[in-house]
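The residues making up each chain are set out below.
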Amino acid sequence: METDYNPMELSSMSGFEEGSELNGFEGTDMKDMRLEAEAVVNDVLFAVNNMFVSKSLRCADDVAYINVETKERNRYCLELTEAGLKVVGYAFDQVDDHLQTPYHETVYSLLDTLSPAYREAFGNALLHRLEALKRDGQS
């Protein structure tokens, strides 16, 4: 899974102070997977028909579920954990415990395998962004 940290933030945390809540990892916050899931949705919503964090499946600090409908109109339920994202169902809010699908480190990798139209939309967005940068550089 991609990590979103600023190397400058890490340098300020390099020294643990005695009595700090971080000593022994007590009081450290685990990632809130619902917030992580919302960020995933916002990142790729432009390239799918519909995508949202499930309101009916439980979200916790360590797991969240995302429903996605690709541009090909295929529906999936995705599980997001620290291990990455994987398909857990072929309908919104559906978890099939017997389904064996691989984890993907990023939502981009997962959607790239599920949806040729996602690949095309992502490529087009990248091309438009590069063209805009080129125009800005020439002015």
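Residues numbered from 1 in each chain as written. Predicted model: local features only at pLDDT ≥ 70, side-chain atom pairs only at ≥ 80, totals over all residues. Heavy atoms only, no water.

Per an unreviewed UniProt entry, the chain goes by GSK3-beta interaction protein and derives from Galeopterus variegatus. Quoted verbatim from the Sequence similarities (unreviewed entry) field of the UniProt record, the comment on the chain reads "Belongs to the GSKIP family." (UniProt positions renumbered as here; feature names shortened; annotations may be inferred.)

### A look at the pattern of salt bridges
Summed over all chains, the structure comprises three salt bridges. Between E69 and R75 there is a salt bridge, with its nearest N and O atoms 3.0 Å apart. Overall, the relative accessible area of 41% leaves R75 in the partly exposed class. Between R119 and D112 there is a salt bridge whose closest N-O contact spans 2.7 Å. In this structure R119 comes out as partly exposed when scored by relative accessible area, which is 42%. For D112, a relative accessible area of 32% puts it in the partly exposed group. It is possible to trace a salt-bridge network through shared partners that takes in E69, R73 and R75. (Salt bridge = Lys/Arg side-chain N within 4 Å of Asp/Glu carboxyl O. Buried < 20%, exposed > 50% of the residue type's maximum accessible area, 1.4 Å probe, protein only.)

### Considerations on the packing of helix 2 (residues 33-44) against helix 3 (residues 107-114)
Relative to each other, helix 2 and helix 3 sit at 55°, their axes nearing to 11 Å. The angle between the axes of helix 2 and helix 3 places the two elements in the oblique class. Crossing of helix 2 against helix 3: the hand is right-handed. From helix 2, V40, D43 and V44 reach across to helix 3, where they touch V107, Y108 and L111. When its residues are assigned to classes, the contact of helix 2 with helix 3 shows five nonpolar, no polar and one charged. (Axes fitted to C-alpha atoms, helices over the stretch in contact; angles between N-to-C directions. Helix = DSSP H or I, 4+ residues; strand = E, 2+ residues; numbered from the N terminus. Parallel < 35°, antiparallel > 145°, perpendicular 65-115°, else oblique. Left-handed = near helix turned anticlockwise from the far one by under 90°. Contact = heavy atoms within 4.5 Å. Nonpolar A, V, L, I, M, F, W, Y, C, P; charged D, E, K, R; others polar.)

### A look at the state of the cysteines
Scanning all chains against the criterion turns up zero disulfides. With no disulfide of its own, C59 lies closest to C77 among cysteine sulfurs, the gap being 9.7 Å. On the accessibility criterion, C59 (24% relative accessible area) is partly exposed. (Disulfide = S-S within 2.5 Å.)

### What about helix 2?
Taking 1.5 Å per residue as the helical rise, helix 2 with its 12 residues ought to reach 16 Å, and the 17 Å between its terminal C-alpha atoms agrees with that figure. When we look at burial in helix 2, the residues that qualify are M33, E36, A37, V40, V41 and V44. One face of helix 2 carries all of its buried residues, which in axial projection span an arc of 140°. Opposite the packed face of helix 2, turned more than 90 degrees from it, sit the exposed residues L35 and N42. Looking at where helix 2 begins, the residue whose side-chain oxygen comes 3.0 Å from the main-chain nitrogen of R34 is D32. (Expected span 1.5 Å × (residues − 1). Arc of directions from axis to C-beta. Polar contact = N/O pair within 3.5 Å; in protein donor to acceptor, adjacent residues only side chain to side chain.)

### Focus: the sheet that holds strand 1 (residues 50-53)
Reading across the sheet, the four strands line up as 1-2-3-4 and stay open at both edges, with antiparallel pairing between neighbours. Looking at the sheet topology across the chains shown, the edges are occupied by strand 1 and strand 4 (84-89). Each adjacent strand pair in this sheet contributes to an overall mean axis angle of 25°, direction not counted. The pairing of strand 2 (residues 64-69) with strand 3 (residues 75-81) spans six bridges and is classified as antiparallel. Looking at strand 3, one finds that I66 is bridged to L78. Relative to strand 4, helix 3 is tilted by about 40°, and along the sheet it contacts strand 1, strand 2, strand 3 and strand 4. (Pairing = 2+ DSSP bridges.)

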